[in-house]
Structures are given as structure tokens and as C-alpha cells.
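# Chain and residue survey
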Amino acid sequence: MFAQNRRDFLKIATATPFIPGSLGAMGELTLCCEDKSIRSMCEMCSSRCPMEARVVNGKVVALQGNAYDKAMGTSLCARGVAGISQLYDEQRLTQPLIRVGKRGENKWRVVSLEEALEYIATKLNHLKKTYGARSVIFSSKTGESYDMLRSFAYAFGSPNVFSHWSSCPIAIESAFEHTFGETMHRDFENANYILNFGHNLFEGLDIPLTKAMARFASNPSKKLIVFDPRFSLMASKANEWYPIKAGSDLAFVLALLHVWIRDGKYDKNFVQHYSVGFDKLEKALKESTPQWQERLTGIEASVVERIADEVYQAAPRCIIDWGHKATTSPAEYQRSRAILIANILMGNVEKRGGIYFPKSAKRINAISFDEMIPTLNEAYPRMFPNEERLDGAGQHGSYVFVPKEHGVLQAIPEAILSQKPYAIKGWFLTRHNPLITLAHPQKMKEAIQNLEFIVVNDIYLSDTAMMADVVLPEATYLERDEGIRDQSDKVPCYTMRNCVIPSLYGTKSALEILRSLAQKLGVDKNYKWDTMAKLRVHQAKGDDAFLEVLLRRGVATFGIPELFLRESKDVERFVEHYPKSKALLCKEGCFSHFFHTLQTPSGKVEIFCEMVEKIFEGYGLPCAVDMDVTQGYPYVLTSGKSAIHTNGHTHNIPYLHQLMSDNPIWMHPQTAKAHGLKMGDAFYVENGIAKEKATVFITEGIRPDTLFAYMGFGRDAPSLKRAHGKGLNPSKLLSLRSAPVCGSMITNVGVKITKV
Amino acid sequence: MGKAYRLLYDENACIGCQACSVACRVEHGVPEDFFRLQVRMELKGVFPRLGMSYERMACVMCEDAPCVSVCPTFASFQDKDGLVHIDERVCITCKYCILACPYHARFVNPLKNVVEKCDFCYESRVSKALLPVCVSICPTEALMFGDMNERDSLVYETSHKEALIFPKAHLKTKPKVAFLPKRKGMKS
Amino acid sequence: MSPVWGSMAQYEMVHWSWAIAVYLFLAGLSSGSIMVALLVKWNRHERSNSSIWDAMIKSGAVVAPLSILLGLLLLVVDLGRPLSFYWLLIRYNITSVMSLGVLFLLLYTPIVMVFMLLVFERSVMKYTFLSPLIALIQAVKELHSYAKIIEYFLFVTALCISSYTGFLLSALYAIPLWNSPILPILFITSSISLGIAVNILIGLLFFKSTINEESIKYLLVLDLRVILTELPLLALLFIGMFYAGAESANAAKAALSQGFWAGLFWFGVIGVGLCLPLLTVMIALKSHVYRISYVVINSMVVIVGVLILRYYIVYAGQIYLG
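In short, a report on the structure. In every chain, residue numbers begin from 1 and rise along the written sequence. Each chain takes a letter, starting from A, and each ligand takes a number, starting from 1, following the order in which they are written. With pLDDT at 70 or above as the cut-off, local features in this predicted model cover only qualifying residues; side-chain atom pairs require 80 or more to be listed or tallied, and sums for whole chains, interfaces and linings still use all residues. Hydrogens and waters are ignored; side-chain quantities use all the structure's heavy atoms.

### Quick look at the overall build of chain A
Our working definition: By the criteria applied, helices consist of DSSP H or I runs no shorter than four residues and strands consist of E runs no shorter than two, each listed in order from the N terminus. Values of the radius of gyration come from C-alpha atoms, whereas the globule rule sets the reference at 2.2 Å times the count of residues to the power 0.38. Residue burial is assigned from relative accessible area. The probe radius is 1.4 Å, only protein chains are included, and a residue is buried under 20% of its type maximum, exposed over 50%, and partly exposed in between. By definition in these notes, contact holds between two residues if any of their heavy atoms fall within 4.5 Å. Exposure was quantified through the Shrake-Rupley algorithm and a 1.4 Å probe, taking into account, for residues, occlusion by the shown protein chains and nothing else.
Helices and strands together make up the secondary structure of chain A, namely 26 helices and 27 strands. A globule of 756 residues ought to have a C-alpha radius of gyration of about 27 Å, and chain A, at 26 Å, matches this closely. Overall, the C-alpha framework of chain A stretches about 70 × 70 × 50 Å when taken along its three principal axes. Relative to its 756 residues, chain A shows a buried fraction of 64%. Long-range contacts, defined as pairs at least 24 residues apart, comprise 72% of the intrachain contacts of chain A with a sequence gap of at least 6. Surface summary for chain A: the accessible area is close to 25600 Å², and the carbon and sulfur share equals 50%.

Put into C-alpha cells, the structure is as follows:
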């Protein structure tokens, strides 16, 4: 597909917006006889799977995995494949809209993109002048658009940037930060024993991880134990399933730690040399016996004893899996920390079949004393404005440990309504639908009625977009170029989203929109680029060979052998390849020096976290707190992902909607009988926050005291003609209370059942 | 020599994600609310002793195909490799074959008004040495496809290593699709 | 509904609907009434005036061709692509009962029409616009030395028609209720019963002048025997299913006990279709008097009963798959 030589490429890449394969520079010649494959990156969920699109005569005819990524092969999930269905959906937004009716009334005036951007610039300037730049909130799902939005917001002068983190992975991310100083990955492929606490990779798919997990689960010689109040698809593939009481994972893990410590069954060498605070842990867990946890989890003490022993026998080729975001209790931070510490005790860190630090280019370059792998220039400069955040995230107060770049979304409604600490008047959202994905959308809706100006950039006229003053139609991921992304895992890896076909309706990407807004507002002096081509060249430091690989293949790896720092065989092979790295060898023949220079305050793995303990007394070590999720109600409503839909995003996409258009609430037959409900009957789920109508799905696959809903349903936006009015949005029953330390939204909630 | 195609479905690896079903829809333009292929999951047992069965629902390419023998106009026919196809030109849509199929693999395409079913992607892929799209797309590698005449093919190796189940074997239709039954969890 | 995604609707569809049930009824009616007419002709006619056709024969001669033509029309219209029906006439798959059916129909339909012309020769003569047919009638009459053979042949093709409608269904082993050798026999017997009922009814209504009480009595006795055969046949059909594996047994259980169609079976097929006629026939015969009301009621319930049987078999077969 790529005829021109490198010199040409650079000329083109720096001269015109670059669309690989069908680019303007190659003229119409290419367009008439096309049957080409373009490698890019999926965005039907957040897993960013490398994928490949086949385009015949300007029409995308098929999507599949990008086999240049070995962990992908040609695999893609239902949502990924349905990207075509989204691209060609006639219910997509195609033109910018400006509100003409009342807020939320769904009355619009169609405008040109230029007019919309001018309008936005004027309004943003007005807000800045009247209330200060900090009066405008910026939020996005993490990813490139978030990186750009954050950069834009800071340049504009607002500290109030929010990602989706607080409604998703923030607990585990905080636990990583405080324990290891950075995010860890899991080597499912080589593990022999996995304890799974609701990390449902078979319904929340991430192809490389899901594939590895499926291989693991289907291997009769490996053992998978699943803890979940619901018989999930993951549970159906396990050797053993324990219907643990919702919210009580922490108790089980604490008992597990207790048994290991009691019996001296843990990796003493690792704990002694590379971690701090074990002695404190030992003391703290005296009481958390297997018998103690029985009452909380509903799992017999003997099970804890047996599993503790089995995991220890399998160590270090074992993983106590934390999940991306298991549905949560207020104890989410403690739960995540306890799980990480369980891994530490099993000594599986930087071991095959255990957990590991991602091997980025920078890290490998540092170990090999070589600059052989390209690193990226920062494309989205960010100078945090010297302002107080509305939630105090990362600054002071109860959210001091929440990264100030992610914030706590749950704090927004109160801040708007109370005007404290200061007036909030505007909100710019891209790839973000908080009225579906965030707790208590009723209150959020009430709060945003008080805003003066809302901009939403989205593919559909979503529930949140409905409330906007300006709606920008976003180009789908198949219609846009983006920059280079570091996606290093076991080896350094970069990916790049390449435009598959020219934008169908001339819609732009968030990157382009924000870049031109920055220019209109005169806050763009730090950007070293103004087109996607220049952005890429800047990121790649002009390395055209590197860029060309990314253009052709969508993914770039560098033939680096897999390296687990504490596997002497790996280290030996690495040293063979890169003799200079010999200098770093420890006496066991590993790269253990690394564990003295972690980005934690002590430089070591922190079992005890002094920094946290100082501010949140009792939280420096995992302990049995905050596990109640019932709040006195008889049932717990839990929620989760399906393999068909993504959060608040895909429910209106034709191919996916017809596979799953509704989310009747899972209920045990006993419970249904007690309330006189038959399959498909309507009933109310009710708590102090809301009373919502739902239909019942009676199944043996759930605890009698638990209810379950697939998330993302219950859409109110009439423009989502297919999804509109179907199912229950479980967020409506959630409180805006956040979990201590990490600021995570709490998605397990107590409810009662009342008859219609 | 003709090909002895075989498609293996590993219930152990399948997670019912329906990627195969959507890919099939895209590949063949399967009309809304109809399926050439989907995976059915069924919960069995009583809490907390539960199991989930996974089953591929699609044409199994019978060697002794009831749809072919009942078709009055030879619209359903077998090619040289024994794959069952539908000749849309001569299909009168009497639906006799739909009723004859013990696997519920067939339906009437409401747009074209002819009977339709999985054809192993023969026309668009297999004849061009590509894998059927479901096999190619499967996120968990639960599907294998190949020629049993080739000794080094994955299907040959797997077929000789594993105990296979042929769907509704008692009907003696001799399917080219075989299942690898569940090893873990409650037997279904 | 299953705990997960997708749709079962496609697998639960009824593909052959009322049109097929009615066609099966009409084909049974056609073959039944011609068989009954022939039986009367052979067994009863010599004794009466041979120059005037018995009402039963007239009814058969008019009902048989009309019902089969109506049935065929329905069959073609019910195809997903009615205009492509000609492929049925061009391509024949001898393993397909449907193809065999087409062959039988191609033999049966013309003969049964000619039979009608012969029976109604005088009526044909009356209308000038039917004159082209006279030549045909004359030509056929030339063959009168073969009459008996042709009649036998017609009887055999009629038997083929009524049994093929059963084989059409019983050939499908995917459908437990259909996949039984009993079904064709059941269809033959019920079509004879139907033939008797309709011939008597039509005879009473339109050909009263040529009614022969003896023939009717002969037929009522025959009907009694036929109905008494049908009951054990139905029992055998289901008993057979109970011994044909779990799937069939489940299907049989469901078909007899679940939902609308089970109700229809007990009330419609057994009650209206078999018990009621049994009762009326016995009363009619026992009283040794020819009572028109009994006979008419008997005929009506038989007709309704047979129609319900076809409906039940067609729908319950597709719905209760075990």
C-alpha cells in the first residue's frame, strides 16, 4: 500500500495532513483500484487493541486484529468488529450543533465547524474573563484526547482536568503508586495458579489479556479460582468458584496473608531485601484469621487454608489478580493494596508467571546502556496552572492522594451547586458521558443546569451531549490520525492510530479540534505542531524509519527479548545481547538493583506506606475497614461489563444493540420468589438515592442477597433511537460518596426491592 | 484429492463473546436479527453448584446432509469437498431444508428471500486460502480450521489428541464441525 | 431467555404455517374423496342404476379436483419465491419427498380432472363454452376398455397423494413429532375419513336426487372402522416417540401437555375429531334409521377434526422440539 520512498514520506508527512494509503499526495490514482489493509488501533473500548482494517474502494469492509502484534493475532472482539457498524450508523452525529432551546431540550441549530469553534472560543474567553479560567472543567476518558485536553486546559489556565479514573481504575492505580511507584502488569501466560477477584476478562475484554487468560483457564494443568458474587463467564471457566459476599474480597485476602505469615509461607528473601514494613503487617494481621473472614465472606475457613497452601506451592508462578476495576466497596483502596501485598509475599514480582514492571524503551535503554530504542518527544506540553483544584485532588484534603491530573469526578456536582471553593461555570467534555457512567446522574443533571456553557465532543448525541450548548461531532477512530503511543508491556512497544478512510462527514478529531481552539484562544505557543503529520514527526524526533513502521504496521516492536528482572535465564540472555548491562548484575545473576530504586518514597516495595499513614491513620497497611456495602439494605446491587458493550458508549450501535439491547436485573430464584416476581416482571430497586423501575432476570447464577446489572443501559437521550429507554442505569442508585484515600466511585450499593 | 475440511470448536476456550457472530455479520451482510452463527450459553445446575455450557450454533457441514437430500431443486448441494452450499438461483424458498436441519442452521434471508446459512466463508475466504472469518477473529483461539488430509494441520493434530464430540452424532449426519468438550467445571 | 446475549428467536420460528396445514388438509381431502368415490363405485354401484352416478361418486368427482387445485395454488403462493416454483418442474431430486410429491401430483391431478369430466359429461355438454372439452372426453372414452385399470391407477395415485403428505413430514428426523412411520398411515386413514364426511355432505347438499342410502350406510360403517383405527394410530405415534430417545420423549411430553397446542390436541383432535364422530356414527347406525341430521353433524365434526389434526401436527411439530 505504501509506494513512496522515505524521502517522499517525510516531505508528505510534514507538508500535508497524512492519511496513509489513500493520501492526497498520491492522488486519485490510488482511489480507483483500492483493496488495501490499514493497521491502526481500536477505540470501541479503552483497551487500545492493535487492529487492521480492510478498505475496498473507499469503504471499510472488515476489521480484524493486527497480526503484527503477536499477542493479538487476527483476533478482535465483537465490539471491535462492530466498529464498522458505528462508522456507517446513520444515527451518528455528522454536524456541529448549537443549542437553541432550553438546556437539555434537544433543540439545535446546525452550524459549520468554524462557527462552532468561534462560538466556543468566545464563550471560553468570556468565562475566563468573568470567573477566571479555573471556572471551566475539562474531562475526558484517558487516551490521546485526554492527553491533549489536559494540555489544552492547563494552557487555558484551568487546573480542573478530570479523567474517567475516579469512576474506574483509580483504586488500583493508587495502590500501584503507593506500593511499587508505578503500574504493574500480569504474566497470565506463564502462571500456574491464579486467584481472581472479579477481574472479569471474559466480559470486559482486552484481547491480549483475554487471550492469555483463556489459554490459562482452558489448560487442565493450571488452576483458576474465581471469587465473585455472580456466576460470571469467568467463573464458568474456573476450577473453583466462590460466591463471595459483595464487597468482602479484602477480608479473604487479609486471611490469606494471615495464613502465609502464620505459617512462614512467603518469599522471605524478597520481602526482606526489597520491601519495607513487613513487621508492621505481621502485627496488624494477627486477628484476621480464616475463621474471622468466614462471617464476612461466606467462605469456609478451610478453603482459605487450602488455597493459601496451594498458592504458596505454585509460587512464584502465581498471580493474585487485582482486576482493572472490580465493582467496588469503600474498601477498594485497601482491597487493592492487600492484593498487591499478597503478590509481594509470594515473591512473584519480576518473575515469569507473576507480575512485572512494563519494559518501556526508556527502561530497556537504561539497562542496556544503549539508546537503541527510540523514545518520544512530549507532544502535549503541560504546565499545571498554579491554582487550587475544585476537589483539592493532589493538593490537600481528603483527595490529597488522588493525582491532580485525574481528579475526583464525584466532587463536581457539589462544587457546582455550592460554588465552593469557587464558581464553576463551564465544562468541556470529550469521549466522556458522566450522566451514564458516573454515580447519581440525577444530581449531576441538576448541577449542570447551573453551568453557563457546556461543550461535548462525541460520536453520538449522548445523554451528556443532550445537555450541552455546543455539540461537536467527533470523527470515529477509523477516520482519524493520531500521534504515537507508548504501549510497552513485556517489551517496548509503540502503537499509532492511522486513519483508515477519510472522514465521512468532514468531522474532526478531538486533537484537531483542541489544537485549533488553542490557536483561536492564543494559548498554543507551546505546541510544536499544528497538523497530525507534524505531531508525529515531532514525537518521533524526525525518525522517519520509525514512523514508517508505525504507518505500515500500526505497531512497532524492536526484537528485544522478554526480560523479567528476577529471572536469571532472561537476564543471562539479555546480557548476552547487551553486554554492557553486565554491570548491573547482582550476585544471584539478576537485575535486582532495580528494587532499590523504585519511585516510592523508600525506593523499595512498600508494604507499609508511611506517607498514607500520616494523613489517613490506619490506612498505611491493609486492614479490615469499610467493607459494608449494604448500608442496612437487604440486597446489594452490583454492576459490570458485558462482552458486547462498553461503559456508556456502544449501546446504540446497530450490530451490538441487536445482540444485547437491555439489562434485566439478575436475581436469585429464592429472592424472586420472596418478592413474588416471575421472569421478566417489573419491579423497583430502591434506596435512599433513587427508586428505579427494572425488569427481573431470574437466574441461579447469583447470590440470593445480591443483584446484578450490566452497565451502560437506561439511556434517556431520544437521539439514541435504538437504546433509548431500554433497561436500567445502575448509576442512578449510586451515591457520590468516594472511597477513602483513592477517591474511587463506589459501585456496590445497598438496595431494597419493591413491587410495582 | 478433495479437501477434508474440519472445523473444531473448543468449548474450553470459548467465552461466548460473539466476536465470531458479529464478524460473520460483517463478512456476509447477515440481515438484522438473524444469525448464520452465534454462540449460545446456558447456565446449568443449582446455586452454588453451577456450570455453563457454550455451544456454537451454525451449520456443521454434514457429510450426509438432510438439507441436501430433502431439497427438491438441488438448491442445497454439496461441492467436491463435501461442503454444503445454497444455489440462490434455484432456491424456491420452500423452507423444507430449514425444517430438515437438526442444527437449526438455516433461515430465510428476508432481504433476498432465499435460504441462507454458514458456508465456512468458502466463497469469500476459504477458496482464497484464508481461514473462515470466525476462526480468524476469535479472541480466544477457540476455533480451528483446516484440512484433515494434511497430517501436519492443527485440526489433524488436535483431532487425534483430543476426544471430540460430533454434534448430534446419533443422527449420523457426519458433521465436519466437531466440539472439544468441557474439561473444567460442572459437566453439562 | 438465557443469562447472556444474542437471540433465540430464529430457532423458535414456525416456518411452515397455516398454508401448509391447509394444503395438507386439502390434499388429504382430494385423495380421500376420490378414493371413497371409487370405493363406492366398485363396491356399491353395480347394484344400483348404472346409468346414473351415485351422489357419492359425483361428490368425489367434484371435490377431488377442486380441492387439489386450490391446495396447489396455496402451496405455490406460500413459497418464499412463488414465481420460481417452475424449478420444481424442471429439477427432480428423487431423495426429496417434495420432488416425489410433485411427480405424484403431476400424475394425479390430470387424471382426477378427467374423471370429473367423465362423471359430469352431461353437464359439460350443456355449456357451449365447455365444448373444447368434449373432444377430450370423447378421446378418453375411447379408452373405456381400460377404464378399470385407469380407475385402479387413479386410486393408487390418490393413495400416493394422501400418504406423501405424511411422508413429507415424516422424512424430517429433525422434528420428533413428524419423524414417525405412523404419520403417513395416520394421514391416509384420516383422509379417508375426511373423504367420507365431505362426500356425504356434498352429496346431501347438491346431489340429493341420486343419494343412495345403502351407499351412505356402507360409508358410515367404513368411517367407524377408520376412526377406530385412527385412535390407536395416534397412541402409537406418541408411544413411539417416548421410546425414540430423550429429545423425542420430551417433545412428546410437551406436545401432549404444554400450552395451546396440547389443549388443541385433546379438545380438537381427540374430542371433536374422533370421539364426537364415533358417537354420532354409532347413534346413526344403531338407530337403523337414516337420519340426516346425525349424518350432517357427523360429517361436519369429522371435517373440523381432520383440519385440526393437520394444524396440530404442523405447528406442534415445529414448536415442541424436545
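### Describing the nonpolar core
Note the following rule: Residue types Ala, Val, Leu, Ile, Met, Phe, Trp, Tyr and Cys, when buried and joined through side-chain atoms within 4.5 Å, form a set referred to as a nonpolar core. Segmentation into domains, and thus their bounds, comes from an automatic or database assignment.
A:Ile307, A:Leu345, C:Phe238 and C:Tyr312 are the most contacted members of the largest nonpolar core, which has 315 residues in total. Tallying contributions element by element places helix 1 (residues 18-43) of chain C first for this core, with 16 residues. Residue assignment places this core across two domains, with domain 1 (184-358 + 599-615) and domain 2 (635-755) of chain A each supplying three or more. Once you skip the residues sitting within four places of it in the chain, C:Phe238 turns out to touch C:Leu177, C:Ala252, C:Ala255, C:Leu256, C:Phe265 and C:Tyr312. Counting residues in each nonpolar core, the second largest holds 68 residues, with A:Ala415, A:Ile454, A:Tyr619 and A:Val741 among its members.

### Looking at the packing of helix 1 of chain C against helix 7 (residues 147-170) of chain C
Residues and elements named next belong to chain C. Stated formally: In this analysis, axes come from line fits to C-alpha atoms, helices being fitted only over the stretch in contact, and the angle between any two N-to-C directions falls in the range 0 to 180 degrees. Working rule for angles: under 35 degrees goes down as roughly parallel, over 145 as roughly antiparallel, 65 to 115 as roughly perpendicular, anything else as oblique. Should the near helix be turned anticlockwise from the far one by less than a right angle, the crossing is termed left-handed; should it be turned clockwise, right-handed. Throughout, the ten residues Ala, Val, Leu, Ile, Met, Phe, Trp, Tyr, Cys and Pro are labelled nonpolar, Asp, Glu, Lys and Arg are labelled charged, and all others, Gly among them, are labelled polar.
Relative to each other, helix 1 and helix 7 sit at 150 degrees, their axes nearing to 9 Å. Comparing the axis directions of helix 1 and helix 7 gives the class roughly antiparallel. Crossing of helix 1 over helix 7 shows left-handed handedness. Every residue of helix 7 that contacts helix 1 at Tyr 23, Leu 24, Ala 27, Ser 31, Ile 34, Met 35, Leu 38, Leu 39, Lys 41 and Trp 42 is listed here: Lys 148, Glu 151, Tyr 152, Leu 154, Phe 155, Ala 158, Leu 159, Ile 161, Ser 162, Tyr 164, Thr 165 and Leu 169. Residue composition of the contact of helix 1 with helix 7, grouped by class: 16 nonpolar, 3 polar and 3 charged.

### Focus: the state of the cysteines
Stated precisely, the cut-off is as follows: Counting rule for disulfides: a pair of cysteine sulfur atoms within 2.5 Å.
Tallying each qualifying case throughout the model produces 0 disulfides over all chains. You can see A:Cys45 has no disulfide; the closest cysteine sulfur is in A:Cys77, sitting 6.0 Å from it. Exposure remark for A:Cys45: the relative accessible area of 13% places this residue in the buried category. Cysteine B:Cys24 remains unbridged, with the sulfur of B:Cys121 as its closest cysteine sulfur at 6.4 Å. A residue is classified by how much of its surface remains accessible, and B:Cys24, at 7% relative accessible area, is buried.

### Quick word on unusual backbone geometry
Residues and elements named next belong to chain A. In this model, Ala 315 is joined to Pro 316 through a cis peptide bond whose omega is 5 degrees. If you trace the backbone, Pro 316 turns up in the loop between helix 14 (301-314) and strand 13 (318-321). The linkage connecting Lys 420 with the following residue, Pro 421, adopts the cis geometry, with an omega of 5 degrees. Along the chain, Pro 421 turns up in the loop between helix 17 (412-418) and strand 15 (426-430). In the Ramachandran plot, Asn 106 falls in the positive-phi region, its phi being about 70 degrees despite a non-glycine side chain. As for its position among the elements, Asn 106 is in the loop between strand 4 (97-99) and strand 5 (108-110). Backbone geometry at Gln 419 places phi at a positive 55 degrees, although glycine is not the residue there. Within the secondary structure, Gln 419 is located in the loop between helix 17 and strand 15. Judged by its relative accessible area of 39%, Gln 419 is partly exposed.

### Remarks on the side chain of A:Asp469
Residue and element names in this part refer to chain A. Threshold: Polar contacts, as used here, are pairs of N or O atoms within 3.5 Å; protein pairs need one atom able to donate a hydrogen and one able to accept it. Residues neighboring in sequence count only if both atoms are side-chain atoms.
Following the sequence through the fold, Asp 469 ends up in the loop between strand 16 (453-458) and strand 17 (470-473). Separated by 2.7 Å, the side chains of Asp 469 and Arg 103 make a polar contact. A distance of 2.7 Å separates a polar side-chain atom of Asp 469 from the backbone nitrogen of Ile 454. Setting aside anything within four residues of it in sequence, one finds Asp 469 in contact with Leu 97, Ile 98, Arg 99, Arg 103, Trp 108, Glu 452, Phe 453 and Ile 454.

### Some points on the sheet that holds strand 18 (residues 484-486) of chain A
Residues and elements named next belong to chain A. The following threshold applies: Only strands that DSSP links by at least two bridges are regarded as paired with each other.
Strand order in the open sheet formed by 3 strands is 18-19-20, with antiparallel pairing between adjacent strands. Every interior strand has two partners, whereas the edge strands, strand 18 and strand 20 (555-557), have only one. Sheet twist, expressed as the average angle between the axes of neighbouring strands with direction ignored, equals 25 degrees. Bridge analysis of strand 19 (residues 493-496) against strand 20 gives 3 bridges, and the strand direction is antiparallel. For Thr 495, the partnering residue across the bridge sits in strand 20 and is Val 555.

### Description of the pairing of strand 16 of chain A
Looking along a regular strand, one sees the side chains alternate between the two faces of the sheet. Residue and element names in this part refer to chain A. For strand 16, a buried count of 6 out of 6 residues is recorded, marking the element as mostly surrounded by other parts of the structure. Here strand 16 shows two buried faces, one formed by Phe 453, Val 455 and Asn 457 and the other by Ile 454, Val 456 and Asp 458. Sheet topology note: the strand 15/strand 16 ladder contains 5 bridges and is parallel. Its bridge partner lying in strand 16, Leu 429 is registered against Val 456.

### What to know about the packing of helix 13 (residues 290-297) of chain A against helix 14 of chain A
Residue and element names in this part refer to chain A. As a packed pair, helix 13 and helix 14 sit with axes 8 Å apart at the nearest point and diverge in direction by 120 degrees. When the interaxial angle is binned, helix 13 and helix 14 end up oblique. The crossing of helix 13 and helix 14 is right-handed. On helix 14, the residues that touch Pro 290, Gln 291, Gln 293 and Glu 294 of helix 13 are Ala 301, Val 304 and Glu 305.

Bear in mind that shape data such as this cannot, by itself, settle questions of function.
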